[in-house]
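What follows is the residue order along each chain.
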Amino acid sequence: TPYRFVEAPGMVRIETRAGVKSPVEVSAEILKVLRSRAEASLGGELTGAVITVPAYFDDAQRQATKDAAHLAGLNVLRLLNEPTAAAIAYGLDTASQGIFCIYDLGGGTFDISILRLSQGVFEVVATNGDSALGGDDFDECIYRWIVEQGAVADATVPDVRLLLSLARKAKETLTEHDEARIRATLSSGRELDLSLSAEIFFSLTATLIARTMGPTRKALRDAALGIEDIDGVVLVGGSTRMRHVRTAVADFFKREPLTNLDPDKVVALGAAMQANLLVG
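In what follows, the accompanying structure is described. Given the structure is predicted, the values throughout are model-derived calculations rather than measurements.

In this structure, Y103, I114, I142, I146, L163, I182 and V249 are the most contacted members of the largest nonpolar core, which totals 46 residues. Ranked by the residues each element gives to this core, the list is headed by helix α6 (residues 198-222), at seven residues. Here I142 is in contact with A167, A170, K171, I182, L196 and F201, once residues within four sequence places are set aside. Counting 20 residues, the second-largest nonpolar core is a separate cluster that includes A86, A87, I102 and V267.

Time to look at the sheet that holds strand β8 (residues 121-130). Taken together, four strands build an open sheet; the order of strands is β8-β7-β6-β11 and the sheet is mixed. Each having just a single partner strand, β8 and β11 (232-236) make up the two edges of the open sheet. In this sheet, neighbouring strand axes are inclined to one another by 20° on average, regardless of whether the strands run parallel or antiparallel.

Turning our eyes to something else, we now look at the sheet that holds strand β3 (residues 19-21). For sheets, the rule is that strands pair by backbone hydrogen bonds, running either parallel or antiparallel. The strand order across the open sheet built from three strands is β1-β2-β3, with neighbouring strands paired in antiparallel fashion. The sheet is open, and its two borders are formed by β1 (4-6) and β3, each paired with just one other strand. Recorded for the sheet is a direction-independent mean angle of 35° between the axes of neighbouring strands. Sheet analysis places β1 next to strand β2 (residues 13-16), joined by three bridges and oriented antiparallel. Residue pairing across strands places R4 opposite E15, the latter belonging to β2. Relative to β3, helix α1 (residues 23-42) is tilted by about 100°, and along the sheet it contacts β2 and β3.

Definitions and limits used
Residues numbered from 1 in each chain as written. Predicted model: local features only at pLDDT ≥ 70, side-chain atom pairs only at ≥ 80, totals over all residues. Heavy atoms only, no water. Core = buried A, V, L, I, M, F, W, Y, C linked by side-chain atoms within 4.5 Å. Buried < 20%, exposed > 50% of the residue type's maximum accessible area, 1.4 Å probe, protein only. Helix = DSSP H or I, 4+ residues; strand = E, 2+ residues; numbered from the N terminus. Contact = heavy atoms within 4.5 Å. Pairing = 2+ DSSP bridges. Axes fitted to C-alpha atoms, helices over the stretch in contact; angles between N-to-C directions.

Right, here's the structure in full:
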């Protein structure tokens, strides 16, 4: 069930099992866990951290992030824009200058950022996106297809969970294969055994990819740039593993995007490289 919100001066608060908490306090709890994992993994105390934030975060959101880190006992060396971190991971900061587009399609959101590099410093010249578009929507398309193909009219809550999970697995299978088998036993005892081709998956979700191009065009317009002005395109976010996403981006920008780093880890990698530089 959704959390209940509590009106409070300054910042809304959330009712949780651990009491009424602010979003900053919730973030701090997450950062504490990440800190303990990092210390266990690295075998020592953390002396500092670089934290990445979306490029469109305003001063209040950036300050709230710093406050959460402080509550978690972290020494913040720097807040780094996520698209800048991705560009650093690819070594784009070693170029003398250039204009780069960072296409970030995650599980639930889409962000597009245009960066200008000059004398080793990145400037964010435009951002856009869709906060209600991501990998979950691709899962939902497959889920609806499964329901239609299997004519499932009376799916229970456990059925829905199972079918959404199978939809996600099918999506991941179709990243590298041309067909995905979907087998399930529903709570009614009914057996489903379907085969989803990559071709059908691509056609089912073509409109979702088209939805990323609107914000991309707007970001280019806001930056007063044409496709020919872009020197490189970086893909970020697990959803950019999908073949038809990569093809659509390549077709739009008329160039192959940079994809050789893990799109789930590229931002964290850039942040780690920045931290390494800051501490010498």
